[in-house]
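# Descriptive analysis of the structure
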Amino acid sequence: AQCLLKMEQLEEFVELLMVGCRDFHGNPFALTCMLQVPGVAEVVMRSSHRKGGLRLGEQIFSTFAYLMVWIEGDGFFCDQAVRCLAKLLKADPEGDDRLLQLPCSVTLIERLALQACFSVPAIRLLEVLRSKQSVLTAIRCLAAALAQEQHSPHVPEEAPAITPDPEAPAVVFPHLPTLPSLRLVESAEVEEEATATPRPAEHAPQIMSWPQFMTKVEQTLTQEDGTVLSIAALPSAATEDDLSWPHSVEPDSAQAWSLLELIPEEEEFRGGQTVRELRQQLLTKMTLAEKRVWLSRAIYRAHRAEGADDDEPIAFVECKREGDILGELRKQLSESTGLGSTPSDLTGLFEVRFANETSTGSAVEREWFQVVASALVKPESRLVLSSDGGRTFRPRCLVHPDSAIDLQILGRFLALALWRKHCVDLPLNLSFCKLLFAENKRWEVTEEEIALVPDLANKVRLLRACNVDDLDLDFTDCTEDCTAEDFTPGADERVDLVEGGADIPVTEGNKEEYIAKLCEWRMFKSIEWQTEQILSGFQEIIPPQVFKELRALISPGELRDLLAGLPAIDLDDWCAHTEYAGGYTKESEVVLRFWEAMRVFEAEDEAVLTKLFAFVTGTSRVPVGGFANLQGFNGGHHKFTIAKAVHLTPASLPAAHACICTIDIPEYDSVSVMIEKLRIAAEFGARGFDEAGAVDQ
């Protein structure tokens, strides 16, 4: 850092990095890393060097506003860009908010509103900026627009047409796989991408150049008197009539809620309605997937003091794919690392690396959740049991005498999955979700609730269907009702359902009392201690008050769905929410062959669909809301994408960029070849991220 600050041409070097990523599709992380070197932001903001009427700091500020519009689905880049923006704003020596006087500041606030739904750095930057009255006004106006409370915009919805500069070359990004948004591959894939054959220019995404972007922003925000609106130029306070955003935006309850959380909740917003009341109203409008925004923000608030240090804590996991996974988790808990890190660290940055592999990133993290979930449901772990063929799980009654640690690990794991927005292959039985919601307190069960536990429901049905006088039953039950595969020594031992139950025969006269005691044992008493331990671990990450508020917002079934996602893959939904890149379109012959092959798998072997989905995304579970809510980098939404594999031959297998849910498919010339290649990729490529360029010999 000291060497860099002594460079005589540091300003020119930073400008070259900026121009490289803005105008020549260079790596934007070169710029974000440079600006986060201590002292560089101060040098940039003191620079008097001008170009196009803007000083260097203003150019970089505008560049990030531009890049954050076009680079979507990459939460990591946006987090880094937000950190740079915070440094630039803090380093302004004039302290006159000159960066907020730029027209692109309006666009930037819109992007921050989107990022604030899942990005801690975006939340922190907005928290700092809201101390400025103009920004607080902007937050109020944008929240009103996103909540569909806006009045007519200041300017017509249609912005004036832009006449491109005929001398300026079109901006193309030949190596990036999606259209219209730019999406970057993660570090483990960079070498493969760097050696790939460049895509022909006619297949490269054509996007608006930076000068065209700046022109459109200015034209959109030009007022009747000829002035150009910016955040700093907004009124110092917005009245009810002025509470409007300068142009039309798509309504979004989650974004509106995230902005309203930055305003004092007792403040009057409109028509006598307080901010708190409007936030509650928006919560009722949110889909279950959007309610994750509320949960993430609530967890963040519970573990972070406002105005805390900019450096986020980090929890790092290094683990094996196979072997004693539960033993590794116990070690992490004892050493306060990985899953055993402090709640504050676990709710900061989270990084996973598998032993003897170099890859990191969101897809690696998603696979770690799958590996751990698989380990926790194994019979030898003695933690959970399924009575419906593996579709759902409840805690086992008969656990290890010293299994408190393991159950707390399970609770922590479930809470961490909610915080990180991952679906895990550990769907909880609805009856257990209800028990969690009741905080382990018993209630009088209904017939519908008994039906949620198949083995119990079968026994109750048989008891009611026959005369029990001759069955030689007493008021006892087996310790644990399980299959031969899941049998644990001691499971067939008897436990009294009432005091002295072994000496009380079951008759037709007391049969219903016996059934009631049986249900009480199976649904509550047999797993009371286990549930207490799971809640203990769970509430370390999701504190009791946050969990109480969550229970008022969603149902037990919705908790199950947030944790486990959808029970099956809907191929129609998959197809409807897929994008195409690199020259492929929905009508391309190769794409049509891909979907025809997928229909064959749907009819003949659905397991291939699940494995192929895991190959491309790092997880086998589709999130609530379906394929429209797939995650890319660091929680950002990213649709499943089929890209033309110009760097692969027809002999090659497909390649996956799991962090951005993208599959590169060569130009296979028949459906039969497509089926063969996809089946091999699904079977052998669903685990691991270091193998690339495989060729079927």
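Reading guide: rules and limits
Residues numbered from 1 in each chain as written. Predicted model: local features only at pLDDT ≥ 70, side-chain atom pairs only at ≥ 80, totals over all residues. Heavy atoms only, no water. Pairing = 2+ DSSP bridges. Helix = DSSP H or I, 4+ residues; strand = E, 2+ residues; numbered from the N terminus. Axes fitted to C-alpha atoms, helices over the stretch in contact; angles between N-to-C directions. Buried < 20%, exposed > 50% of the residue type's maximum accessible area, 1.4 Å probe, protein only. Phe/Tyr/Trp six-rings, centres within 6.5 Å; stacked < 30°, edge-to-face > 60°. Lys NZ or Arg CZ within 6 Å of the ring centre and 35° of its normal. pLDDT = per-residue confidence, 0-100. Contact = heavy atoms within 4.5 Å.

On to the sheet that holds strand β15 (residues 655–657), then. Reading across from one edge, β13-β14-β16-β15 is the order of the four strands in this open sheet, with mixed pairing throughout. Only two strands of the sheet have a single neighbouring strand rather than two, namely β13 (578–581) and β15. Taking the axes of each pair of neighbouring strands and ignoring which way they run, one obtains an average angle of 25 degrees across the sheet. Relative to strand β16 (residues 662–665), β15 runs antiparallel, the two being bridged by three bridges. Its bridge partner being in β16, Ala655 is matched across the sheet by Asp664.

Bringing the pairing of strand β7 (residues 314–319) into the picture now. Residues Ala315, Val317 and Cys319 of β7 are buried on one face, while the alternating residues Ile314, Phe316 and Glu318, pointing to the opposite face, are not. Bridge analysis of β7 against strand β8 (residues 349–354) gives six bridges, and the strand direction is parallel. By the bridge assignment, Ala315 is partnered in β8 with Phe350.

The next thing to look at is the packing of aromatic side chains. Any two aromatic rings considered together are summarised by their centre-to-centre distance and by the angle between their planes. Taken as a whole and judged by the stated rule, the model has 18 aromatic pairs. Between Phe29 and Phe77 the ring centres are 6.0 Å apart and the planes differ by 85 degrees, which places this aromatic pair in the edge-to-face class. You can see Phe29 sitting in helix α3 (residues 28–35) and its partner Phe77 sitting in helix α6 (residues 75–91), a full 48 residues away along the chain. This pair shows no difference in class: Phe29 is buried, exactly as Phe77 is. Pairing Trp574 with Phe640 gives two aromatic rings, centres 5.3 Å apart and planes at 90 degrees, and the pair type is edge-to-face. With Trp574 in helix α26 (residues 571–576) and Phe640 in strand β14 (residues 640–644), this pair connects stretches of sequence that are 66 residues apart. Each of the two residues, Trp574 as well as Phe640, counts as buried. One aromatic cluster is present, formed by Trp574, Phe594, Trp595, Phe613, Phe627 and Phe640 through successive ring pairs. The aromatic ring of Phe354 is capped on one face by Arg321, whose charged end is 4.0 Å from the ring centroid. In this structure, Arg551 packs its charged tip against the face of Phe547, placed 4.8 Å from the ring centre.

On to the confidence of the model for the chain. Looking at the chain as a whole, its pLDDT mean stands at 82, while 84% of the residues score no less than 70. Every residue in residues 149–206 scores below 50 in pLDDT, and together they form 131 contacts with partners more than four places removed in sequence or on other chains. Note on residues 691–697: pLDDT is under 50 here. Beyond four places in sequence and across chains, it has ten contacts.

Relative to the assigned elements, Ser105 resides in helix α7 (residues 104–115). Judged by relative accessible area, which is 1%, Ser105 ranks as buried.

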